[in-house]
Amino acid sequence: MITSGDSIGDSAFSNCSSLTSVVIGGNVTSIGGYAFSSCSSLTSVVIPDSVTSIGDSAFDGCSSLTNIEVSANNANYQSIDGNLYTKDGKTLIQYASGKTATSFTIPDSVTSIGDEAFRGCSSLTSVKIPDSVTSIGNGAFSSCDSLMSVEIPGSVTSIGEYAFYGCSSLTSVVIPDSVTSIGDSAFDGCSSLTSVYYKGTASEWSAISNSYGNSFLTNATRYYYSETEPTEEGNYWHYVDGEVTVW
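Residues numbered from 1 in each chain as written. Predicted model: local features only at pLDDT ≥ 70, side-chain atom pairs only at ≥ 80, totals over all residues. Heavy atoms only, no water.

(A) Structural context of the sheet that holds strand 9 (residues 91-94). Ordered by their spatial adjacency, 8 strands build an open sheet running 7-8-9-11-13-15-17-19, and the pairing between neighbours is mixed. The open sheet has two edge strands with one neighbour each: strand 7 (77-80) and strand 19 (209-210). Sheet analysis places strand 17 (residues 181-182) next to strand 19, joined by 2 bridges and oriented parallel. Within strand 19, the residue paired with Ile-182 across the bridge is Asn-210. (Pairing = 2+ DSSP bridges. Helix = DSSP H or I, 4+ residues; strand = E, 2+ residues; numbered from the N terminus.)

Quick look at the structure:
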């Protein structure tokens, strides 16, 4: 149990590879950025109602973490199925990356996926992102090396830096025409990426602010959306019973 002091500083327990569980005392009010990052043996964390702030990526890289428990009386944070969210449910702060589930559906309440929220979740092969989500944070799905396909909903306008960095099993991605910017190296290291299904036109694709380090994205075969069978030559796709289908 951590009881001394009213705050846990930035990177305070970072890389403590023998730490297996943490119960934070009721006098602690803040947890710093990267406070427990890369604690590879950490399986569970208990957060009391006294905690009012949790820094960026506090539990990043905790590859054995299966449960984050937050006091029901905490006014700022909550846990749902062992994952960490803001109290209003709008931001998914941290997915417990040691879970063995192969798929995950983000709750409809979520509007923002936090920085590095899923980083290093090696078991996940698919993630369902709801239409409520408007932004995908920096490094949100980085190093999810089993993730095979992603469909980004039409509510998303920006994809953060390193968002899917190192997703070496990712073979396809659906990108909506609502996206106006793709961050640096968002798809860097996606060496299996062969198909990009863009829900817009070639001219709309060209208008996206696409930063450096995304050669795997730009070099993949790109398909443009068409609800009706196109008469001109080119690569096009549509939905058939909710599934992406090439014309």
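(B) Highlighting the nonpolar core. Judged by nonpolar contacts, the single largest core of 43 residues is most densely connected at Ile-113, Phe-118, Ile-136, Phe-141, Phe-164, Ile-175 and Phe-187. Going through the elements one at a time, strand 16 (172-176) and strand 18 (195-199) are the ones with two or more residues in this core. Contacts of Phe-164, omitting those with residues within four sequence positions, involve Phe-141, Ser-142, Leu-147, Val-150, Ile-152, Ile-159, Ala-186, Phe-187, Asp-188 and Cys-190. Within the second largest apolar cluster, 22 residues are counted, among which are Ala-35, Cys-39, Ile-54 and Ala-58. (Core = buried A, V, L, I, M, F, W, Y, C linked by side-chain atoms within 4.5 Å. Buried < 20%, exposed > 50% of the residue type's maximum accessible area, 1.4 Å probe, protein only. Contact = heavy atoms within 4.5 Å.)

(C) Molecular detail of the packing of aromatic side chains. The full count for this structure, using the stated rule, is 16 aromatic pairs. Their ring planes at 15° and their centres at 4.7 Å tell us that Phe-118 and Phe-141 sit as a pair that is stacked. Linking Phe-118 in the loop between strand 11 (112-113) and strand 12 (126-128) with Phe-141 in the loop between strand 13 (135-136) and strand 14 (149-151), this pair joins segments that are 23 residues apart in sequence. You can call Phe-118 buried: its relative accessible area is 0%. Look at Trp-237 and Tyr-239: their rings are 5.0 Å apart centre to centre, the planes differ by 80°, and that puts the pair in the edge-to-face class. The class for Trp-237 is buried, based on a relative accessible area of 0%. The class of Tyr-239 is partly exposed, set by a relative accessible area of 25%. (Phe/Tyr/Trp six-rings, centres within 6.5 Å; stacked < 30°, edge-to-face > 60°.)

(D) Expanded view of unusual backbone geometry. In this model, Ser-38 sits at a positive phi of 60°, which is unusual for a non-glycine residue. By the secondary structure assignment, Ser-38 is in the loop between strand 3 (30-31) and strand 4 (44-47). Among the residues examined, Ser-38 registers a relative accessible area of 27% and is labelled partly exposed. Unusually for a residue other than glycine, Asp-241 sits at a positive phi of about 50°.

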